[in-house]
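# Summary of the model geometry
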Amino acid sequence: MAENVAANGSNDDDGTREQDQLLPIANVGRIMKQVLPPNAKISKEAKETMQECVSEFISFVTSEASDKCRKERRKTVNGDDVCCALAALGFDDYAAPLRRYLNRYRELRGDNKDKANNNNNSNEDKEEQSSLKFSMIGSSKNSNMRPFD
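No experiment lies behind these values; they were computed from the predicted model shown.

Per the stated rule, a full pass over the model turns up nine salt bridges. The salt bridge involving Asp81 is made with Lys68; its shortest N-O contact spans 3.4 Å. Placement of the pair is Asp81 in helix α4 (residues 79-88) and Lys68 in helix α3 (residues 44-71), with a sequence separation of 13 residues. According to the relative accessible area criterion, Asp81 is buried, its value standing at 2%. With relative accessibility at 25%, the residue Lys68 sits in the partly exposed group. Where Asp80 meets Arg106, a salt bridge forms, and the shortest distance between an N and an O atom there is 3.2 Å. One end of the pair, Asp80, is in helix α4; the other, Arg106, is in helix α5 (residues 92-117), with 26 residues separating them in the sequence. For Arg106, a relative accessible area of 28% translates into the label partly exposed. Connected through shared salt-bridge partners, Lys68, Glu72, Arg74 and Asp81 make up one network.

One non-glycine residue, Arg73, adopts positive backbone phi at about 60°. Tracing the sequence through the fold places Arg73 in the loop between α3 and α4.

Okay, the packing of α3 against α4 next. Put simply, α3 and α4 touch, their axes get as near as 8 Å, and they point 110° apart. With respect to each other, α3 and α4 are oriented roughly perpendicular. Each of Phe57, Val61, Glu64, Ala65, Lys68 and Cys69 in α3 lies in contact with α4, whose residues at this interface are Asp81, Val82, Cys84, Ala85, Leu86 and Ala88. By residue class, the composition of the contact of α3 with α4 is nine nonpolar, no polar and three charged.

All right, on to α4 then. Taken residue by residue, α4 has Asp81, Cys83, Ala85 and Leu86 as its buried positions. Taking the backbone nitrogen of Asp80 as reference, a side-chain oxygen 3.0 Å away marks Asn78 as the first, capping residue of α4. Once α4 finishes, Gly90 follows within two positions and takes phi at roughly 95°, a positive value.

The next thing to look at is the confidence of the model for the protein. On average, residues of the protein score 78 in pLDDT, and 62% of them are at 70 or above. By mean pLDDT, the top-scoring element of the protein is α3 (96), and the lowest-scoring one is helix α1 (residues 2-8) (45). In this model, residues 1-8 is a region of pLDDT below 50 whose contacts with residues beyond four sequence positions or in other chains number 14 contacts. Across residues 140-149 the pLDDT falls below 50, and counting only partners more than four positions away or on other chains, this stretch makes 11 contacts in the model.

Reading the values: the criteria
- Positions within a chain are numbered from 1, following the residues in the order the chain's sequence is written.
- Per-residue local features of the predicted model are confined to residues with pLDDT of at least 70, and side-chain atom pairs are confined, for both listing and counting, to 80 or more; whole-chain, interface and lining totals are unaffected and use all residues.
- Each side-chain value is worked out from all heavy atoms of the structure, with water and hydrogens disregarded.
- Only one rule defines a salt bridge in this text: a Lys or Arg side-chain nitrogen within 4 Å of an Asp or Glu carboxyl oxygen.
- The way it works is that DSSP assigns letters per residue, a run of H or I at least four long becomes a helix, a run of E at least two long becomes a strand, and they are numbered from the N terminus.
- Note on classification: 1.4 Å probe, protein chains only; a residue is buried when its accessible area is under 20% of the maximum for its type, exposed when over 50%, partly exposed between these limits.
- Simply put, an axis is a line fit to the C-alpha atoms, just over the touching stretch for a helix, and the angle between two N-to-C directions goes from 0 to 180 degrees.
- What sets the label is the angle itself: under 35 degrees gives roughly parallel, over 145 gives roughly antiparallel, 65 to 115 gives roughly perpendicular, and the rest give oblique.
- Note on contacts: a residue pair is in contact if any heavy atoms of the two residues lie within 4.5 Å.
- Note that Gly is not counted as nonpolar here; it falls among the polar residues with everything else outside the nonpolar set of Ala, Val, Leu, Ile, Met, Phe, Trp, Tyr, Cys and Pro and the charged set of Asp, Glu, Lys and Arg.
- Identification of polar contacts relies on pairs of N or O atoms within 3.5 Å, with a donor-acceptor requirement for protein atoms, meaning one able to donate a hydrogen and the other able to accept it, and with residues adjacent in sequence counted only if both atoms are side-chain atoms.
- As a per-residue measure, pLDDT tells how confident the predictor is, with possible values from 0 to 100.

Put into structure tokens, the structure is as follows:
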């Protein structure tokens with residue numbers, strides 16, 4: 001697990017350390033705490049296991065999105081590619097809400113770019129983006145999305 005990686009700092013074939021390919025464990029723990037009751041505790045082992053799983057999942061989806069880009073002779077993976085990759089890999093229940101989030105994000109970003117050009121950035125826009133992010137997390141934990149059913 002991650003404790004072995006930290007102890008020996010082993011390198012992969014491409015010269016990067018395995019721990020450099022994982023999400024920071026503090027961030028993983030913070031995300032896990034957001035969906036648990038306030039008094040819940042998370043063991044170090046649970047955080048490390050989740051850290052490895054989410055990092056592998058991100059690599060898996062990104063690889064599929066990258067393959068799509070390569071076939072289309074593009075070098076940049078974008079949000080639409082990630083949504084398509086999720087659907088292609090059988091994660092349709094996650095692709096649809098992510099696509100809605102991406103569209104809403106683009107709408108807000110477009111509004112922010114217009115306002116930035118007019119020197120009118122507001123905290124309301126930042127709050128709306130933040131609430132959009134957390135509503136996305138909330139909708140996934142409250143729904144019955146089970147990709148493996």
